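Residues per chain are reported as follows:
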Amino acid sequence: MMEKLKELAMNPAHEILFREKTAKTTGKYFWAANIFVLLFQIYNILYTLFYTDFQLKSQASRVYMVLYGAMLLICILTAVCGWILTAGRKGKSVKLLHLYTAFGCLLLIWSACITLYDQRVSSNISVYMTTAVYIAGLLYIRPRISVPVFIFCEAILLAGILQLDLAPSRDIYGFCVNSVGLTLVALFISLYRWASLRKDFLNHLEMEEKNEMITRQSERLNYLANHDPLTGLWNRNYLSEWTDRFFSENSRRQIAVFVIDIDHFKEYNDTFGHVEGDECLKKVAGVLQELEGIHFRYGGEEFLCLLEITDETQAKHLADRLCSQIEQQKIPSSKPGQYLTVSAGYAVGTMKNDLEFRRLLHGADDALYWAKSNGRNQTARCAPR
């Protein structure tokens with residue numbers, strides 16, 4: 001039993017979520033029960049007044065009137081409190097659940113009292129039976145409340161029936177057995193509902209957490225598949241995906257293709273080592289990410305940038321920034337007193353298919369070769385063909 005209770009235990013954050021969800025579902029039953037019981041008490045009061053010609057001379061009529069009036073007042077007060085809490089800000093779920101529980105317990109006690117009073121003239125226990133099953137099956141009541149309340153109501157019935165001076169022909173034993181059996185069934189239903197609501201919530205929570213974990217893992221795998229692990233830039237795998245999507249749009253927009261290469265990177269590695277070489281690649285990648293366009297690590301110390309343009313001056317502007325932004329980082333180069341630089345070549349045109357993209361890429365590569373052959377630390381544009 002203790003193991004079962006431990007399985008249903010929740011941390012404070014989950015408990016708050018559970019109460020908020022349970023307050024919403026239980027609230028529907030609360031309002032339905034409240035309105036029904038309220039209207040039923042109004043009917044009972046009117047019927048009693050009409051039946052007694054509005055005089056209430058008998059003790060029984062006065063007792064019934066007190067019981068009906070008390071339940072009517074309880075319905076009104078709980079409805080007002082429920083409306084205030086529901087209309088208020090969030091975070092009222094705990095108070096709402098307490099209100100629903102209090103209403104259910106008072107309704108159950110009331111039904112036990114009126115059922116007991118009915119035993120003077122009838123052996124019917126339908127009021128208590130209907131109320132007990134309804135409350136047990138629809139309202140969320142914690143075991144530490146439901147168990148003593150159901151036992152208390154049964155004690156009222158048993159103690160009261162034994163104190164009443166009923167006719168010898170009445171089957172008191174049958175009443176006691178039926179009421180005890182009904183109370184045990186209702187209590188079992190209440191406990192089962194309490195446990196099943198918590199179990200369903202925990203199962204749903206576990207499923208959500210698993211789905212969230214799967215989503216995170218999927219996002220991570222997707223990131224690893226499409227990003228260079230060292231620099232964080234897009235890799236060649238995503239380059240194919242991006243260009244395919246661009247081709248599918250059948251766009252005639254112009255695009256600038258840049259091929260960027262770190263000057264004298266082999267010497268940099270030989271001078272500072274491969275660890276510093278990796279750091280150098282990260283720094284260059286960080287600068288590129290701040291510039292316009294979409295950037296890829298194309299291989300080794302070579303990077304690729306694609307920029308959709310509406311005017312060729314956009315490509316020229318990016319080309320001018322490429323070299324200056326890297327040099328401004330003042331990364332020491334393999335030559336004393338000098339800073340690391342890059343060279344870049346670019347080509348501008350439209351690309352509706354992979355063949356046209358390869359043509360632009362080849363042109364940018366030729367321009368890069370010219371830039372490196374003519375002094376480095378500069379950009380060059382491929383002449384239009």
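Before reading further, recall that the structure is shown in the block above.
(A) Expanded view of the overall build of the protein chain. Scanning the protein chain from terminus to terminus reveals twelve helices and five strands. Computed over its C-alpha atoms, the radius of gyration of the protein chain comes to 40 Å, more than 25% above the 21 Å expected for a compact globule of 385 residues. Based on the C-alpha atoms only, the size of the protein chain along its principal axes is roughly 120 × 45 × 35 Å. Split into buried and exposed, the 385 residues of the protein chain put 43% on the buried side. Surface summary for the protein chain: the accessible area is close to 21,900 Å², and the carbon and sulfur share equals 60%.

(B) Quick peek at the side chain of Asn34. Mapped onto the elements, Asn34 comes out in helix 2 (residues 12–51). Residue contacts for Asn34: discarding those within four places in its chain leaves Cys75, Thr78, Ala79 and Phe103.

(C) Examining a nonpolar patch on the surface more closely. A cluster of nonpolar side chains, Phe36, Phe40, Tyr43, Tyr47 and Tyr51, forms an exposed patch at the surface whose accessible area comes to about 640 Å². Tracing the chain through its elements places Phe40 in helix 2. By relative accessible area, which is 38% here, Phe40 ends up partly exposed.

(D) View of helix 4 (residues 93–118). If you check helix 4, its first and last C-alpha atoms are 37 Å apart, about what 26 residues at 1.5 Å a residue would give, namely 38 Å. For helix 4, a buried count of 19 out of 26 residues is recorded, marking the element as mostly surrounded by other parts of the structure.

(E) Local environment of the sheet that holds strand 4 (residues 342–350). Pairing within the open sheet is mixed, and its five strands lie in the order 2-3-1-4-5. Strands with a single pairing partner mark the edges of an open sheet, and in this sheet they are strand 2 (294–299) and strand 5 (379–381). Direction aside, the axes of adjacent strands within the sheet are offset by 20 degrees on average. Sheet topology note: the strand 1 (residues 254–262)/strand 3 (residues 302–309) ladder contains eight bridges and is antiparallel.

(F) Quick look at the packing of aromatic side chains. For the structure shown, the criterion picks out 18 aromatic pairs. Ring plane angle 75 degrees and centroid distance 5.4 Å describe the contact between Phe18 and Tyr140, whose orientation is recorded as edge-to-face. Highlighted residues: Phe18 in helix 2 and Tyr140 in the loop between helix 5 (126–138) and helix 6 (143–163), separated in sequence by 122 residues. Comparing Phe18 with Tyr140 shows no difference in burial state: the two are buried. Geometrically, the ring pair formed by Phe30 and Phe103 is edge-to-face, given 5.4 Å between the ring centres and 90 degrees between the ring planes. Taken together, the positions of Phe30 in helix 2 and Phe103 in helix 4 put the pair 73 residues apart, joining distant regions of the chain. Residue Phe30 shares its accessibility class with Phe103, and that shared class is buried. Among the aromatic side chains, those forming a connected cluster through ring pairs are Phe36, Phe40, Tyr43, Tyr47 and Tyr51. Looking at Arg236, its charged tip hangs above the ring of Tyr298, at a distance of 4.1 Å from the centre.

Basis of the calculations
- Residues numbered from 1 in each chain as written.
- Predicted model: local features only at pLDDT ≥ 70, side-chain atom pairs only at ≥ 80, totals over all residues.
- Heavy atoms only, no water.
- Helix = DSSP H or I, 4+ residues; strand = E, 2+ residues; numbered from the N terminus.
- Rg over C-alpha atoms; globule rule 2.2 N^0.38 Å.
- Buried < 20%, exposed > 50% of the residue type's maximum accessible area, 1.4 Å probe, protein only.
- Areas by Shrake-Rupley, 256 points an atom, 1.4 Å probe, with all protein chains shown as cover.
- Contact = heavy atoms within 4.5 Å.
- Patch = residues over 30% accessible without salt bridge, like charges linked within 9 Å, V, L, I, M, F, W, Y side chains within 5 Å.
- Salt bridge = Lys/Arg side-chain N within 4 Å of Asp/Glu carboxyl O.
- Expected span 1.5 Å × (residues − 1).
- Pairing = 2+ DSSP bridges.
- Axes fitted to C-alpha atoms, helices over the stretch in contact; angles between N-to-C directions.
- Phe/Tyr/Trp six-rings, centres within 6.5 Å; stacked < 30°, edge-to-face > 60°.
- Lys NZ or Arg CZ within 6 Å of the ring centre and 35° of its normal.

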